[in-house]
Amino acid sequence: MLRRNLSDLLSFVTVAREGSFTRAAALLGVTQSALSQAISGLEAKLEIRLLTRTTRSVSPTVAGERLLQAIGHRFDEIEAELDILTEMRDKPAGTVRITCGDHVVRTTLLPRIAPLLKEFPDIKVEFDVSYGFRDIVADRFDAGVRLGDTIDKDMIAVPIGPKLRMAAVASPAYFAKNPAPKTPRDLVAHRCINLRFPTHGGLYVWEFERRGEQLNVHVDGQVVLNSTPHIVLAALEGLGIAFLPEGEFAPHIEDGRLVRVLQEWCAPFEGYYLYYPSRRQPSPAFSLVVDVLRFSKRTQRR
């Protein structure tokens, strides 16, 4: 009876967190039909409805939310303790889930983690590419990556890269028809390629600084995108001025396909940090990932 109850409770927690029988079934490795029957059986035994089901979503009832808050973290603790047991194995194992942006995956995370994965084949890393601020605790990520000045104080923050600089660029064809801006204020007269944040839907306000003077500019243009690789492509197509971390444009600036402007207004700022809850008990696999990502001057010279 205890084993069946634990299985049904795990099914409930997974469905409630995912908000979907389809996703929960995939995570648990069972059919949707079996999962639905397990939840219905649990509700029948408790004689109370735990989930509200519609054609588009699944959400906990008041009773279901109370049960989720009471037992959800217990399953997390069990999972964490099982991960810790891998210390007793000859080789570290387990999955490390990281939420981050596309740019840092390509430039930092994959290049650093790839050798580790080749050395330890039982370690898995899952990257969730997102431009929004995910709640890594609620969404059950092991860690996230953000710029240093955006991380909550109750998190452990580990630097994984040097300071960054933004770059404003456009194609030579664009500047052949439009004068290069002398100051950020001139951007209001230009076609600019906007970045829309997927989470709250707002447009990124371009931030500049020179000798302590800060200036934020709301730009406009014909193109709005929500991913950085497509912004680079739009700039290469001559659709306007783009503004992203300079690493996104570096090869195209070097080969002359993009021209940089307002460089003196792009001051260095805190780079990327890996962050995770201070109360988290790290598994051996997670500790190895943190160690290979940790940035130092020695890392920069490699």
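What counts, and at which threshold
- Residues numbered from 1 in each chain as written.
- Predicted model: local features only at pLDDT ≥ 70, side-chain atom pairs only at ≥ 80, totals over all residues.
- Heavy atoms only, no water.
- Helix = DSSP H or I, 4+ residues; strand = E, 2+ residues; numbered from the N terminus.
- Contact = heavy atoms within 4.5 Å.
- Areas by Shrake-Rupley, 256 points an atom, 1.4 Å probe, with all protein chains shown as cover.
- Buried < 20%, exposed > 50% of the residue type's maximum accessible area, 1.4 Å probe, protein only.
- Pairing = 2+ DSSP bridges.
- 1 Å grid on protein atoms, 1.4 Å probe; cavity = no way out; pocket = protein on both sides within 12 Å on 5 of 7 lines; lining within 4 Å.
- Points joined across faces, edges and corners; volume = space filled by probe spheres on them.
- Nonpolar A, V, L, I, M, F, W, Y, C, P; charged D, E, K, R; others polar.
- Arc of directions from axis to C-beta.
- Core = buried A, V, L, I, M, F, W, Y, C linked by side-chain atoms within 4.5 Å.
- Right-handed = clockwise from strand over helix to strand, strands pointing away.
- Phe/Tyr/Trp six-rings, centres within 6.5 Å; stacked < 30°, edge-to-face > 60°.
- Lys NZ or Arg CZ within 6 Å of the ring centre and 35° of its normal.

Engineer: Is there a simple way to explain the overall build of the protein in this structure?
Structural biologist: The secondary structure content of the protein amounts to 10 helices and 14 strands. In terms of overall dimensions, the protein has a C-alpha envelope of 75 × 50 × 35 Å along the principal axes. When contacts within the protein are restricted to residue pairs at least 6 apart in sequence, long-range pairs at least 24 apart make up 73% of them. When the accessible surface of the protein is totalled, it reaches about 17,300 Å², and 52% of it is carbon and sulfur.

Engineer: For this particular structure, what's the right way to read the pairing of strand β7 (residues 166-170)?
Structural biologist: Remark: a regular strand shows side chains that alternate across the two faces of the sheet. Most of β7 is tucked away: 5 of the 5 residues are buried. Residues Met-166, Ala-168 and Ala-170 of β7 are buried on one face, and the alternating residues Ala-167 and Val-169, pointing to the opposite face, are buried as well. For β7 and strand β13 (residues 259-261), the ladder comprises 3 bridges, and the chain directions are antiparallel. Within β13, the position partnered with Ala-168 by the bridge is Val-261.

Engineer: Is there a simple way to think about empty space enclosed by the protein in this case?
Structural biologist: Over the atoms a probe the size of a water molecule is rolled, and this reveals where empty space is left. The tally for this structure, following the rule as stated, stands at 1 cavity of 30 Å³ or more. As a volume, the largest cavity reaches approximately 30 Å³. Lining the largest cavity are Ile-193, Asn-194, Leu-195, Tyr-204, Trp-206, Ile-231, Phe-243 and Leu-244. Secondary-structure elements contributing two or more residues to the lining of the largest cavity are β8 (193-195) and β12 (242-245). Residues belonging to the lining of the largest cavity are distributed by class as follows: 7 nonpolar, 1 polar and no charged.

Engineer: Even after reading the chapter, I still don't get helix α8 (residues 246-254), so can you show me in this structure?
Structural biologist: In an α-helix, one turn spans 3.6 residues; hence positions three or four apart end up facing the same way. Of the residues making up α8, those classed as buried are Glu-248, Phe-249 and His-252. Viewed end-on, α8 has its buried residues packed into an arc of 60 degrees, placing them on one side of the element. With its phi angle positive at about 85 degrees, Gly-256 sits one or two positions after the end of α8.

Engineer: Sorry if this is basic, but what is going on with the nonpolar core here?
Structural biologist: General note: in soluble globular proteins, nonpolar side chains tend to be found buried as a group. Among the nonpolar cores identified, the biggest contains 33 residues, and Leu-187, Trp-206, Phe-208, Ile-241, Phe-243 and Phe-249 are the most heavily contacted of them. Among the secondary structure elements, those contributing two or more residues to this core are β7, α6 (172-177), β8, β9 (206-210), β10 (213-217), α7 (228-236) and β12. Counting residues in hydrophobic clusters, the runner-up holds 24 residues, among them Val-96, Phe-120, Val-158 and Ala-285.

Engineer: Whenever I open this one, the pairing of strand β4 (residues 123-129) confuses me. Can you help?
Structural biologist: As paired elements, strand β3 (residues 94-100) and β4 share 7 bridges and run parallel to each other. By the bridge assignment for β4, Gly-94 is matched with Ile-123. Between the parallel pair β3 and β4, the chain is carried across by helix α5 (residues 102-119), and the sense of this crossover is right-handed.

Engineer: Can you walk me through the packing of aromatic side chains in this structure?
Structural biologist: Aromatic ring pairs: the centre-centre distance and the angle between the two ring planes describe each pair. Enumeration over the complete set of coordinates arrives at 5 aromatic pairs. The interplanar angle of 70 degrees and the centroid separation of 5.6 Å between the aromatic rings of Tyr-174 and Phe-175 together place this pair among those described as edge-to-face. Note on accessibility: Tyr-174 and Phe-175 belong to one class, buried. Look at Tyr-204 and Phe-243: their rings are 6.3 Å apart centre to centre, the planes differ by 15 degrees, and that puts the pair in the stacked class. Taken together, the positions of Tyr-204 in the loop between β8 and β9 and Phe-243 in strand β12 put the pair 39 residues apart, joining distant regions of the chain. The pair Tyr-204 / Phe-243 is uniform in exposure class, with both members buried. Through a chain of ring-to-ring contacts, three or more aromatic side chains come together here, namely Tyr-204, Trp-206, Phe-208 and Phe-243. Note that Arg-97 overlies the ring of Phe-141, its terminal NZ or CZ placed 4.3 Å from the centroid.

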